[in-house]
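# Architecture and fold: a report
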Amino acid sequence: MRKIELSKTGLMVPDIAIGCMNYCGKEEKEIEVLVKTAMEMGANFFDHADIYGGGESERKFASAINMNGELRSKMILQSKCAIVPHQRYDFSKEHILKSVDGTLQRLRTDYLDVLLLHRPDTLFDEEVAEAFAELKKSGKVRFFGVSNHNPMQMQLLEKITGEKLVANQLQFGVAHSEMIANGINVNMKTPSANVKDGAVLEYCRLTDTTIQAWGPVRGTVKGKTIFNDENCTDLLKKLEEVGKEYGLSKEATAIAWILRHPANMQAILGTTNADRLKDYLTASGVKIDRQHWYDIYAAAGNNLP
Ligand SMILES: NC(=O)c1ccc[n+]([C@@H]2O[C@H](COP(=O)([O-])OP(=O)(O)OC[C@H]3O[C@@H](n4cnc5c(N)ncnc54)[C@H](OP(=O)(O)O)[C@@H]3O)[C@@H](O)[C@H]2O)c1
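So, a few notes on the structure that sits alongside this text. (Residues numbered from 1 in each chain as written. Predicted model: local features only at pLDDT ≥ 70, side-chain atom pairs only at ≥ 80, totals over all residues.)

Right, let's get into the environment of Y294. Tracing the chain through its elements places Y294 in helix α12 (residues 290-299). Linking Y294 and W257, residues 37 residues apart in sequence, is a C-alpha distance of 9.5 Å. (Helix = DSSP H or I, 4+ residues; strand = E, 2+ residues; numbered from the N terminus.)

Orientation of helix α1 (residues 28-40) relative to helix α11 (residues 274-281), taken along the N-to-C sense of each, is 20 degrees, at an axis distance of 9 Å. Judged by the inter-axis angle, α1 sits roughly parallel to α11. The way α1 lies across α11 gives a crossing that is right-handed. Of α11, the residues touching α1 (which contributes V33, L34, T37 and A38) are A274, L277 and K278. Each residue belonging to the contact of α1 with α11 can be placed in one class, and the counts come to 5 nonpolar, 1 polar and 1 charged. (Axes fitted to C-alpha atoms, helices over the stretch in contact; angles between N-to-C directions. Parallel < 35°, antiparallel > 145°, perpendicular 65-115°, else oblique. Left-handed = near helix turned anticlockwise from the far one by under 90°. Contact = placed C-beta atoms within 7 Å. Nonpolar A, V, L, I, M, F, W, Y, C, P; charged D, E, K, R; others polar.)

A positive phi is found at N148, a non-glycine position, where the angle reads about 60 degrees. By secondary structure assignment, the location of N148 is in the loop between β9 (141-147) and α6 (151-161). The phi angle at N187 is positive, at roughly 70 degrees, despite the residue not being glycine. Take N187: it is sitting in the loop between α7 (178-184) and α8 (200-206). On the basis of neighbour counts, which here come to 6 C-beta atoms within 10 Å, the residue N187 falls in the exposed class. (Buried ≥ 20, exposed ≤ 12 C-beta atoms within 10 Å, placed from the backbone.)

What follows deals with helix α2 (residues 56-64). For α2, the tally of buried residues reaches 7 of 9 residues, placing the bulk of the element in the interior. Inspection of α2 places S57, E58, R59, K60, F61, A62 and A64 among the buried residues, and these make up the whole buried set. Looking at the buried positions of α2, the neighbouring elements they touch are α1, β5 (76-81) and α4 (93-107). Immediately downstream of α2, the backbone of N66 shows phi near 50 degrees, a positive value.

Around the ligand, a shell composed of 23 residues is seen, among which G19, M21, W214, G270 and T271 lie nearest. Here the shell around the ligand is built from residues that sort into 8 nonpolar, 11 polar and 4 charged. (Near = placed C-beta within 6 Å.)

Another point: the sheet that holds β5. As summarised here, the arrangement of the 8 strands in space is β3-β4-β5-β8-β9-β10-β11-β12, forming a closed barrel in which the pairing is parallel. In this sheet, adjacent strand axes meet at a mean angle of 30 degrees when their direction is disregarded. (Pairing = 2+ DSSP bridges.)

With that out of the way, let us pick up the packing of helix α10 (residues 250-260) against α11. For the pair α10 and α11, the least separation of the axes is 8 Å and the interaxial angle reads 50 degrees. If you check the angle between α10 and α11, you find them oblique. Judged by the sense of rotation from one axis to the other, the crossing of α10 with α11 is right-handed. Of the residues in α11, those in contact with E251, A252 and I255 of α10 are R276, D279 and Y280. Taken together, the residues of the contact of α10 with α11 sort by class into 3 nonpolar, no polar and 3 charged.

Honestly, it's all geometry; don't read function into it.
The following block contains the structure:
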């Protein structure tokens, strides 16, 4: 696996991470195979959240592999907090500390490598700084980041907490590339020129913040992937055609397309199928050329002025 440095932390992480959101619906035997497959291929970065399956994904993950100190030391574990089902978002000190304790217990570990604030809480205040300071001091969290945040929100959090945010986890993939579209269509009349995210891609590059691409193969319609979305027929043909040039499947090519961007993103896979996982991981380290990258972008229906 190709490794990238997570922000400027010195922590080297695989450019493809394993998303564990759907582990809650799986048998522990299946999870064990998934985690072992990933580890054997060098994909030792696992992405969790306190809300995945109401905590079941974290619990089953650790139980399935019988988590112990030796295994833990070979892994990089990330989790998220601050979405509260039915109530919404909570960056209060009490909530963050309680959430991390729950995650640590379920994952059977005493520290997280990375904690992300899952979605912005517009009511956040200085309490988030107190929470980060306490988590750092106790050794429960090594690095902090965010998910689904814009650059101003990131700056504000950094000002208040004094912590450099190491990652921003954002939806990104061949069929969801908004953060690229507005940069390509600068000053045009087309809707894709609208900057909806505060130029988060460029901001993360400027500040050496790692972008983690969630939903890498989601389609254009909710609940669909690019593989069963009728809007993605041309895209799939192009992925297959380009993939052949690099000895990759169309699926792995969709991930190679994300990794090709010089922002040095980390793709977060959501598959719970071990064969698919193996195939996706072959995208690591494959650099598709500029023309192929733009061909895929255009085949996804994007405007190239
Ligand atoms: N920060 C956030 O707000 C946020 C939001 C959502 C997710 N996430 C994180 O990002 C990770 C990935 O997100 P995601 O699950 O949306 O990712 P994804 O990889 O785009 O989608 C995964 C889904 O696509 C299916 N799939 C994948 N490849 C397929 C193929 N070749 N053919 C048919 N179906 C296929 C999977 O089914 P199979 O399991 O059957 O392969 C699974 O249902 C999550 O696990 C989570 O860790 C973060």
